[in-house]
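For reference, the chains in residue letters:
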Amino acid sequence: MPTLGELADAVRVRVVNDDEALLLGALHKQVLLRAGTDPDPERPKHVRAFASAWHPRAADLPAWVAEHDGQHVGMALLRRTMLPHLPGAAPRLLVLSALGPGTGAGEEAVCLALVRQVVGWARQRGADRVEVADDVALPGPVLDAVRASVRQVRSVSLPTQP
């Protein structure tokens, strides 16, 4: 039986180019639908709106797509740090999702392949870690495989209205 790492090795992960904004928008809509949120039930517009918002900021919001057997099976989106050497200035993983069962690659393997790419990208740019957004859930075996540090984080929200 293959290990999680071997299964992840069978998943191809590549950077999404800025001319693939519509693909990224479509994958993001799939992520939302899979989470039980339909971003535009009345008039489909999420794909184009996402693509239009992401395209001019593609350099600051790098994205990856996972592929297996000719299918898109996952995506990841990261926010780059603009000002280094500030507390909390590590790149932040905003979206990471395997896009469903039946793809031939297990969900954990897809997540691990994406995490490896994101971490490798950050390491090449001198980052010592990648922070994960609170709403990004990574499977336990993936966290173990990449030796993640999991800690409780205090969250403070400052209101803008009285």
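First things first, this report covers the structure right here in the doc. (Residues numbered from 1 in each chain as written. Predicted model: local features only at pLDDT ≥ 70, side-chain atom pairs only at ≥ 80, totals over all residues. Heavy atoms only, no water.)

1. Some words on the packing of aromatic side chains
Piece 1. Per the stated rule, a full pass over the model turns up one aromatic pair.
Piece 2. Aromatic side chains Trp64 and Trp121 sit 5.8 Å apart centroid to centroid with 80° between the ring planes, which places their arrangement in the edge-to-face category. In this pair, Trp64 is assigned in strand S2 (residues 63-68) and Trp121 in helix H4 (residues 107-124), connecting sequence segments 57 residues apart.
Piece 3. Take Trp64: its relative accessible area is 2%, and that puts it in the buried class. (Phe/Tyr/Trp six-rings, centres within 6.5 Å; stacked < 30°, edge-to-face > 60°. Helix = DSSP H or I, 4+ residues; strand = E, 2+ residues; numbered from the N terminus. Buried < 20%, exposed > 50% of the residue type's maximum accessible area, 1.4 Å probe, protein only.)

2. Description of the nonpolar core
Soluble globular proteins tend to bury their nonpolar side chains together.
Piece 1. One finds Trp64, Leu93, Leu96 and Leu114 to be the most contacted residues of the largest nonpolar core, which totals 25 residues.
Piece 2. Elements supplying a minimum of two residues to this core: S2, strand S3 (71-79), strand S4 (92-98) and H4.
Piece 3. For this core, the element with the most residues is H4, which contributes nine residues.
Piece 4. In contact with Leu96, other than residues within four places in its own chain, are Met75, Ala76, Cys111, Leu114, Val115, Val136 and Leu138.
Piece 5. With 17 residues, the next largest nonpolar core counts Leu24, Leu77, Val95 and Leu99 among its residues. (Core = buried A, V, L, I, M, F, W, Y, C linked by side-chain atoms within 4.5 Å. Contact = heavy atoms within 4.5 Å.)

3. Structural notes on the pattern of salt bridges
Piece 1. Considering all chains together, one arrives at nine salt bridges under this definition.
Piece 2. In this structure, Arg14 and Glu67 form a salt bridge, with 2.9 Å as the shortest nitrogen-oxygen distance. Of this pair, Arg14 sits in strand S1 (residues 12-15) while Glu67 is found in strand S2, placing the two residues 53 residues apart along the sequence. The two residues Arg14 and Glu67 agree in class, both being buried.
Piece 3. Connected through salt bridges with shared partners, the residues Arg12, Arg14, Glu20 and Glu67 form a single ionic network. (Salt bridge = Lys/Arg side-chain N within 4 Å of Asp/Glu carboxyl O.)

4. Remarks on H4
Piece 1. The terminal C-alpha atoms of H4 lie 26 Å apart, and with 18 residues this matches the ideal 26 Å at 1.5 Å per residue to within 8%.
Piece 2. What H4 keeps buried is the set Ala109, Val110, Cys111, Leu112, Ala113, Leu114, Val115, Val118, Gly120, Trp121 and Ala122.
Piece 3. Here the buried face of H4 lies against helix H1 (4-9), S1, S2, S3, S4 and helix H5 (140-145).
Piece 4. Looking at the residues trailing H4, positive phi occurs at Gly126, about 85°. (Expected span 1.5 Å × (residues − 1).)

5. With respect to the packing of helix H2 (residues 21-34) against helix H3 (residues 46-54)
Piece 1. One way to put it is that H2 packs onto H3 with a least axis distance of 8 Å and a crossing angle of 125°. For the element pair H2 / H3, the angle class is oblique. The two elements H2 and H3 cross, and the hand of that crossing is right-handed. Residues Ala21, Leu22, Leu24, Gly25, Ala26, His28, Lys29 and Leu32 of H2 pack against His46, Val47, Arg48, Phe50, Ala51 and Trp54 of H3.
Piece 2. In terms of residue class, the contact of H2 with H3 is built from nine nonpolar, three polar and two charged. (Axes fitted to C-alpha atoms, helices over the stretch in contact; angles between N-to-C directions. Parallel < 35°, antiparallel > 145°, perpendicular 65-115°, else oblique. Left-handed = near helix turned anticlockwise from the far one by under 90°. Nonpolar A, V, L, I, M, F, W, Y, C, P; charged D, E, K, R; others polar.)

6. Focus: H2
Helical periodicity: at 3.6 residues per turn, an α-helix aligns residues three or four positions apart in one direction.
Piece 1. End to end, H2 covers 20 Å across 14 residues, agreeing with the expected 20 Å (1.5 Å per residue, within 8%).
Piece 2. Turning to H2, its buried residues are Ala21, Leu23, Leu24, Gly25, Leu27, His28, Lys29 and Val31.
Piece 3. Of the residues one or two after H2, Gly36 is the one with positive phi, at around 90°.

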